[in-house]
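# An overview of the molecular structure
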Amino acid sequence: MTDTTTTPPEIGGIGHSVKRVEDARLIEGQGNFLDDISLPGMLHMALVRSPVAHARINGIDSDAAMAVDGVLAVVTGELMAAHNLAWMPTLSGDTQAVLATDKVRYQGQEVAAVIATDPYAAADGAELVDVDYEMLDAITTPQQSLAEGAELIRDEKEGQTDNLAYTWETGDEAATEAAFASADRVVSLTTHYPRSHPSPLETCGIVADVNSVTGQATIYMTSQAPHAHRTLFALVAGLPEQNIRIISPDIGGGFGNKVPIYPGYVVATAASLLIGQPVKWVETRTGNLISTGFGRDYYMTGELALTNEGRIQAMRVDMLSDQGAFYSDAQPTRYRAGLFHVCTGSYDFPHAHIKCRGAFTNKAPGGVAYRCSFRITEASYLIERLMQTAADELGIDPAELRLRNFIQPEQFPYETATGFVYDSGDYPTALRKALDAAGYEELRAEQAAAREEGRLVGIGIAHFTEAVGAGPAHTYDIAGLKMIDSAELRVHPTGKAILKLGVKTQGQGHETTFAQIVAEETGIPATDIKVIHGDTDDTPYGLGTYASRSTPVGGAATAMVARKIADKARHIAAHLLEAAPEDIERSADKFHVAGSPDQSVTIQDAAFAAYTNLPEGMEYGLEDVTYYNPPNLTFPYGSYVVVVDVDPDTGVWKVRRMVALDDCGVRINPMIVEGQIHGGLTEGFAMSSMQWITFDDDGNCIGSNFMDYLIPTAWETPRFELLETVTPSPHHPIGAKGIGESATVGSPAAFVNAVIDAVAHLGVRNIDMPVLPDRVWEAIDSAGG
Amino acid sequence: MLPARFDYVAASSVEEAIAAKAEGGDEARILAGGQSLLPMMKLRFATPSKLVDINRIAGLDAIRSHNGHLHVGALVRHADIAASGAVSGAVASAAPWIADPLVRNLGTMCGSVAHCDPEGDWNSVLLATGAEVVAQGPSGRRTIDIGDFVQDFFTNSLAEDEMVVALHIPVPSGRSGGSYQKLERKVGDYATVGVATHLELADDGTISAAGVAMTSVAPINRKATDAEALLVGNAPSAELFAEAGEAAAAAADPRDDVRGSARWKRRVVAAFTQRALAAAAEQAQS
Amino acid sequence: MEITININGTDHTADVEPRRLLVDHIRTGAGLTGTHIGCDTTSCGVCTVLVDGTPVKSCTMLAVQADGREVTTVEGLKSADGLHPVQQAFSDEHGLQCGFCTPAMMLVGAALIDENPAPSDDEVRWAISGNLCRCTGYMNIVKAIQAAAAAASSNGDS
Ligand SMILES: Cc1cc2nc3c(=O)[nH]c(=O)nc-3n(C[C@H](O)[C@H](O)[C@H](O)COP(=O)(O)OP(=O)(O)OC[C@H]3O[C@@H](n4cnc5c(N)ncnc54)[C@H](O)[C@@H]3O)c2cc1C
Ligand code: FES
Ligand code: FES
């Protein structure tokens, strides 16, 4: 492992695998998750959801529900409409129903809410709310939806005359077409990245406590972005922002699921406001899977223009996304399809052109960045699957094809055909290192021998480049709020410190790693720093944790604020040492006069002096806050190699090995980084092998609970072999790039390429995810294998 | 996802349980491991008016070999079977693949058999081995052939005032073997395809009795009788098992669904039948 | 119906509706919120507790069924001697991230090492296969349970 430490273990700065601070409460069952919160007089809410995908609502009868012992109220769309809250804006400029008034547009849509004294009574009441539905045909694919004469899903939306949600294109079409026209070879792949769901083990929930006397709204909520949510609540509900306090407690995983504002939050808040008591709503798992933020659902056709030698000349993509009933992509770019145009991947070629359309269907809205930055997973999957296709079509080894096309280390900063400026990287070294670890040559020899015996072995490669850390204010915002982030550092007289963050952990270990950044920059031991996050009354503004932005943006803010503090401390040290500030140097744990290391004071001495003994003209205290606007995204990358064995009789495939090399720049806490990679690889494996949400022709969701929406257990999950290279980000204060999502982005293509590689000699070029055994068997069978 | 209200009786004897159940009529249910019933009640797919909990009845947890059969009491959990030294063949082979380790700690074999879920594994094992269900009612006990017990999906042939007290699974005295092959998408998943086999060998090494039954590929667990007939009287061989596999595939009646196409499931039946027969023969021969 | 359950060594008597799930009784009746709820279909295992030493899913057992039994939850793992070896090992080996699955994983791990003082990688994976984790990819959970087993054996605990 690369050693990047500069501090001793007692300080525990960057590069130390410091044990996590948050563990102490979690291993004793003392975490404070949303459902653990109980307030005096708290009521419970259950949602009534549409059982059908598309229907007109002719009436709602709540008499029977109201008669249930313990039921206090039934909230319907009509009541919400009376308070102008039946609809709310989405994060993509559309509107979304809070409780349906006119039609239901997907199975699971929120229709009414029952408020009761206990969850059992609320469930009894919800069972008895009688909704009169007039059935309409359901549109379940974007292709159907955009076909001539398709029924209008968004008939309430002014100016909407078809089911098109958006169109977007980017790149140089003319140059791309010209390159294709003159290419030796054109390789194409049409594939679907299926609908998936982040489904953290804790579902979403809220405890809304609106005090009708003071107007104070205290809202406990499973939120990955509490500050942004506070502002959105203020804008949507018209509450004064100073009276809204959002507290995001311990979060049982987020993965993008807890970024949007869901109808349940709004209804519970409204109910608390109307009834004057706290209201708790905790989603059921089915509610979570069928109505909240799905990810993916992109139909993509990608093409590469190549020379006979396999040099890529240009890329062309036509993409259609299934948005569900409301366009509510949780993405803060000004591009309609997020960062999909990073689809040129790790390769050096001049031209690309991308055309995207999104369509409304009778499915749940969402489009969250499920453990990735806004559509990068789809983009990365497409290019890496195309590389496999090109290798198979051209008869070039897939590793060799990548090596021939990589952006070379000396080309950084490198501007891609679609305008990203990659900051740094050494792709050939990464791939070669991963191949060596896997024993690539021997594996190829074994594969050939296995084929002779009728066995199928596949070796899959993916080399991805991610773009994370949204992001520079010029391009990235949510509802106009720029994607900056913040950190506030307060050093107390005894030298102990509190760090307050705009971002919010969901298991990534911020309470540990962010303290390490401060330790690195100030010399205050990490164990002396308490990290506070998630309470909007107590932390500076931030846009939240998703898209791997905590470290690139919040981490940078932390480093910058710590530098301000260290600088002030240096001035104080100069005063204490009676030297000029320019002559003071900082080592890991001391300030000393240049050239005479014995003349030193500690950061703790300086902290005490900040409140007791200051140089003339300096303000008391040792506190500061920084808002960081990153100059660019960061671009983590990695090389993954997967080996699979495929059973030709049944199509069942098993992962024999998974070698994953990640370069995420400087690793703040290697132990935590590796944990993030393990988790990401597992979700990549899940999506490639079993985890998807599909629908029948009537729009019934298949995948509405954990019996149908499959999350791998320890038994199926492969063992992972991790490797690293370290190429620091040149523009990030500590050279870190973000790691939470790389593995989810990069690994699906590696798994799928491995299965394809096992059967490519039979002529198979594509199997859509999830690569179910029947799909493998059918592919082999129809290839005549 | 919380159950509706019901009355609850914790019976302390089989007689008490039967009486309490009879009193409740067709709205009353026996509660054994609860690993099928409670999930259905939480989803409100089932709303019984009364639960008769049999978990406190002494003596129902026995698992032992007796008179040429394995006796499995109504409170024997899947995990007990997996851990028991008394089981062999298809029973031993299937036990670890039922549900997941935690569900196996509560769910019972008898409950599973009574439940008659076509995706349940045990009924295939019982069909292949030719087991009997021991039912008790107010007038005493009777044994029911498993083929007659399983009436339809989620329907057994018990009377309202009867419960299952045990299963009797034949344990042949001569050379025999059995196996269960299951394709599940992950641990805790019901079978996409399951095949149970049971073989007995005569002194000359030919197959004297054969059982083949399938899970999840027909409206109820189904015996592959043609395959069985093919096997009996012949010496075990790869060719014979392949032929039997084709016969089983022909007897299956799978559906296209999210787990896969019917065409593919038939191929899996063929492959699994072949493999499960090979495993059974190997056991019998060793 | 009046029931008495011994939870983590203390008797809890309460009057409950028969339909009340054990998990709800533990969380709101006994106020022990370390036991979580993650699904509606008995699939995720985050509600795992030990009933008379055996790990079961407390969302699929009625509180009345536990009358007179001994229930151990995560809050009962620690003893007068300090943390249980699995607790220490989960922290040492980074066996948890969000921590939502962790109480269940530790209880299953504790039950496993009671029976098997040196479980292999496969044995641990098999034992925890009724429990989902969405964060860790299980690698470090397996490591933690094995480390706990080793620590417990060297302490002479098992
Ligand atoms: C996540 C999960 C995964 C599962 N996977 C599988 C699997 O892969 N394969 C599989 O076979 N099963 C599976 N099951 C079901 C499990 O095996 C159940 O334990 C079993 O089906 C029912 O047994 P039980 O003792 O839990 O019965 P209960 O749930 O208590 O009862 C089931 C039904 O049988 C009746 N009943 C129970 N006992 C008796 C009796 N003695 N006499 C008369 N009627 C009785 C009940 O009234 C009820 O109608 C799974 C369950 C879960 C929750
Ligand atoms: S809550 Fe998921 S198994 Fe109990
Ligand atoms: S640590 Fe988050 S679910 Fe396991």
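Parameters at a glance
Along every chain, residues carry numbers that run from 1 in the direction the sequence is written. A letter from A marks each chain and a number from 1 marks each ligand, given out in the order of writing. Residue-level local features of this predicted model are given only where pLDDT is at least 70; pairs of side-chain atoms are given and counted only at 80 or more, and the full residue set underlies all totals for whole chains, interfaces and linings. Calculation of side-chain values draws on the structure's entire complement of heavy atoms; hydrogens and water are dropped beforehand. Where helices and strands are cited, they refer to DSSP runs of H or I of at least four residues and of E of at least two residues respectively, numbered from the N terminus. As defined in this context, the radius of gyration uses C-alpha atoms, and a globule is described by 2.2 Å times the residue total to the power 0.38. The rule is simple: take the accessible area with a 1.4 Å probe, protein chains only, and divide by the maximum for that residue type; under 20% is buried, over 50% is exposed, in between is partly exposed. The protein chains shown are the only cover counted for residues, whose accessible areas, like all others here, come from Shrake-Rupley with a 1.4 Å probe. Positive charge is attributed to Lys and Arg, negative charge to Asp and Glu, and no charge count is given to His or to the chain ends. To locate a charge, the coordinates of NZ of Lys, CZ of Arg, CG of Asp or CD of Glu are taken. Throughout, a contact is declared for two residues whenever any of their heavy atoms are within 4.5 Å. Summed over both partners, the accessible area lost on bringing two parts together, with a 1.4 Å probe, is the buried area. A pairing counts as a salt bridge when a side-chain nitrogen of Lys or Arg comes within 4 Å of a carboxyl oxygen of Asp or Glu. Nitrogen and oxygen atoms within 3.5 Å of one another constitute a polar contact, given that in protein one can donate a hydrogen and the other can accept it, and given that sequence-neighbouring residues count only through two side-chain atoms. Side-chain classes are defined by residue name, with Ala, Val, Leu, Ile, Met, Phe, Trp, Tyr, Cys and Pro counting as nonpolar, Asp, Glu, Lys and Arg as charged, and the others, Gly among them, as polar. In this description, strands pair whenever DSSP reports at least two bridges between them. Comment: axis = line fitted to C-alpha atoms, over the contacting stretch for helices; angle = value between 0 and 180 degrees taken between N-to-C directions. Domain borders in the structure are assigned automatically or taken from a domain database. Only the six-membered ring of Trp is used, alongside the rings of Phe and Tyr, when aromatic pairs are assigned; centres must lie within 6.5 Å, and planes under 30 degrees apart are stacked while those over 60 apart are edge-to-face, with the rest tilted. By definition, being over a ring means that NZ of Lys or CZ of Arg is both within 6 Å of the ring centre and within 35 degrees of the ring normal. Using protein atoms alone on a 1 Å grid, points that fit a 1.4 Å probe yet trap it form a cavity, whereas open point sets bounded by protein on both sides within 12 Å along at least five of seven lines form a pocket; residues with an atom within 4 Å of a point count as lining. Grid points are joined across faces, edges and corners, and a volume is the space filled by probe spheres set on the points.

### Structural notes on the overall build of chain B
- A count of helices and strands for chain B gives 11 helices and 14 strands.
- Scaling as 2.2 N^0.38, a compact globule of 286 residues should have a C-alpha radius of gyration of about 19 Å, and chain B matches this with 19 Å.
- Its C-alpha atoms put chain B at 55 × 45 × 30 Å along the principal axes.
- Looking at chain B as a whole, 57% of its 286 residues qualify as buried.
- For chain B, the exposed surface amounts to about 10,600 Å²; the carbon and sulfur share of it is 48%.
- Counting 25 positive and 34 negative side-chain charges, chain B places the averaged centre of each group 7 Å from the other.

### Considerations on the environment of Pro236 of chain B
All names here are of chain B.
- Here Pro236 shows up in the loop between helix 9 (225-231) and helix 10 (238-251).
- Separated by 111 residues in sequence, Pro236 and Val125 have C-alpha atoms that sit 20 Å apart.
- Not counting chain neighbours up to four residues away, the residues in contact with Pro236 comprise Leu201, Gly205, Ile207, Phe241, Ala281 and Gln285.

### Remarks on the interface of chain A and chain B
- Each partner contributes residues to the interface: chain A has 27 residues there, and chain B has 24 residues.
- With both sides pooled, the region where chain A packs onto chain B buries about 2,200 Å², and carbon together with sulfur makes up 61% of that total.
- Considering only the side of chain A, the residues that lose the most area to chain B are Met707, Asp774 and Trp777 of chain A, jointly responsible for 19% of the buried surface there.
- Between the two partners, chain A and chain B, sit five salt bridges.
- Asp781 of chain A is the salt-bridge partner of Arg263 of chain B, the closest N and O atoms lying 2.8 Å from each other.
- The interface formed by chain A and chain B holds 10 residue pairs in polar contact (both at pLDDT 80 or more) in total.
- Elements with a contribution of two residues or more to the side of chain A that touches chain B: helix 4 (119-128) and helix 19 (773-782) of chain A.
- Looking at the side of chain A that touches chain B, its residues break down into 14 nonpolar, five polar and eight charged.

### A few points about the sheet that holds strand 28 (residues 596-602) of chain A
Residue and element names in this part refer to chain A.
- Read across the open sheet, the three strands follow the order 26-27-28; overall the sheet is antiparallel. In this open sheet, the two strands that pair with only one neighbour each are strand 26 (584-586) and strand 28. Ignoring which end each strand starts from, the neighbouring axes of this sheet average 35 degrees apart.
- As defined by bridge partners, strand 27 (residues 590-593) adjoins strand 28 across four bridges and the pair is classed as antiparallel. Residue Val593 lies in a different strand from strand 28, and its bridge partner there is Ser596.
- Against the sheet, helix 16 (residues 603-612) makes contact with strand 27 and strand 28, and its axis sits at roughly 50 degrees relative to strand 28, the strand it touches most.

### Some remarks on the side chain of His44 of chain A
All names here are of chain A.
- Counting through the fold element by element, His44 comes out in strand 1 (residues 43-49).
- For His44, a relative accessible area of 16% gives the class buried.
- Those residues within four positions of His44 in sequence are excluded, and the remaining contacts are Val114, Ile115, Ala116, Thr117, Asp118, Pro119, Ala122 and Lys280.

### Side note on the domain arrangement of chain A
Residues and elements named next belong to chain A.
- For chain A, the assigned domains are domain 1 (23-31 + 485-628), domain 2 (34-136 + 203-251 + 258-291) and domain 3 (295-470 + 632-782).
- Relative placement of domain 1 and domain 3: their C-alpha centres are 38 Å apart.
- Contacts between domain 1 and domain 3 engage 21 residues on the former and 21 residues on the latter.
- Our enumeration of links across domain 1 and domain 3 arrives at zero salt bridges.
- Seen at the junction of domain 1 and domain 3, the total is six residue pairs in polar contact (both at pLDDT 80 or more).
- Contributions of two or more residues to the side of domain 1 that touches domain 3 are made by helix 14 (510-522) and helix 15 (550-577).
- Per-element accounting of the side of domain 1 that touches domain 3 gives the leading share, eight residues, to helix 15.

### Thoughts on the sheet that holds strand 7 (residues 110-116) of chain A
All names here are of chain A.
- One open sheet accounts for seven strands, arranged 3-7-1-14-11-12-13; its pairing is mixed. This sheet does not close on itself; its edge strands, each paired only once, are strand 3 (71-76) and strand 13 (244-247). Adjacent strand axes in the sheet meet at a mean angle of 20 degrees when their direction is disregarded.
- As judged from the two bridges shared by strand 1 and strand 14 (residues 279-282), these two strands associate in the parallel manner.

### A few points about the domain arrangement of chain B
Residue and element names in this part refer to chain B.
- When its domains are assigned, chain B resolves into domain 1 (7-53), domain 2 (63-170) and domain 3 (175-285).
- One C-alpha centre belongs to domain 1, the other to domain 2, and the line joining them spans 18 Å.
- In this assembly, 14 residues from domain 1 lie in contact with 15 residues from domain 2.
- Buried area between domain 1 and domain 2, both sides added, is near 1,100 Å², and the carbon and sulfur share of it is 69%.
- The element that contributes the greatest number of residues to the side of domain 1 that touches domain 2 is helix 1 (residues 14-24), accounting for six residues.
- Of the residues belonging to the side of domain 1 that touches domain 2, the class tally is seven nonpolar, four polar and three charged.

### Some details on the packing of aromatic side chains
Residues and elements named next belong to chain A.
- What the rule picks out here adds up to 22 aromatic pairs over all chains.
- Ring centres 5.6 Å apart and planes at 40 degrees place the aromatic pair Trp168 and Tyr335 in the tilted group. Taken as a pair, Trp168 in strand 9 (residues 164-171) and Tyr335 in the loop between strand 16 (312-324) and strand 17 (351-360) lie far apart in primary sequence, 167 residues in all. The residues Trp168 and Tyr335 share a single accessibility class, namely buried.
- Measuring from ring centre to ring centre gives 5.9 Å for Tyr262 and Tyr265, while their planes differ by 50 degrees; the resulting arrangement is tilted.
- Ring pairs connect the aromatic residues Tyr347, Phe406, Phe412, Tyr427 and Tyr637, which therefore count as one cluster.
- Positioned over the ring face of Phe360 is Arg154, at 5.1 Å from the centre of the ring.
- Note that Arg775 overlies the ring of Trp692, its terminal NZ or CZ placed 4.8 Å from the centroid.

### Quick notes on the pairing of strand 23 (residues 485-491) of chain A
All names here are of chain A.
- Most of strand 23 is tucked away, with six of its seven residues classed as buried.
- When strand 23 meets strand 29 (residues 623-628), the two strands line up antiparallel, connected through six bridges. Looking at the pairing, Leu489 lines up with Asp624 of strand 29.
- As defined by bridge partners, strand 23 adjoins strand 24 (residues 497-501) across five bridges and the pair is classed as antiparallel. Residue pairing in the sheet places Leu489 in a bridge with Leu499 of strand 24.
- Between strand 23 and the antiparallel strand that follows it, strand 24, lie five residues; Gly495 among them carries a positive phi value of about 90 degrees.

### Remarks on empty space enclosed by the protein
- Counted under the stated rule, the structure contains 14 cavities of 30 Å³ or more.
- Taken as a whole, the largest cavity encloses approximately 460 Å³ of empty space.
- Along the walls of the largest cavity sit 34 residues, with Gln508, His510, Gln676, Ile739 and Gly740 of chain A positioned nearest its centre.
- Mapped onto the lining of the largest cavity, the elements with two or more residues apiece are helix 14, helix 15 and helix 17 (670-689) of chain A.
- There are two domains that each give the lining of the largest cavity at least three residues, and those are domain 1 (23-31 + 485-628) and domain 3 (295-470 + 632-782) of chain A.
- Along the walls of the second largest cavity sit 14 residues, with Arg25, Asp250, Thr505 and Gly507 of chain A together with Cys98 of chain C positioned nearest its centre.
- In the lining of the second largest cavity, the residues fall into three nonpolar, five polar and six charged.

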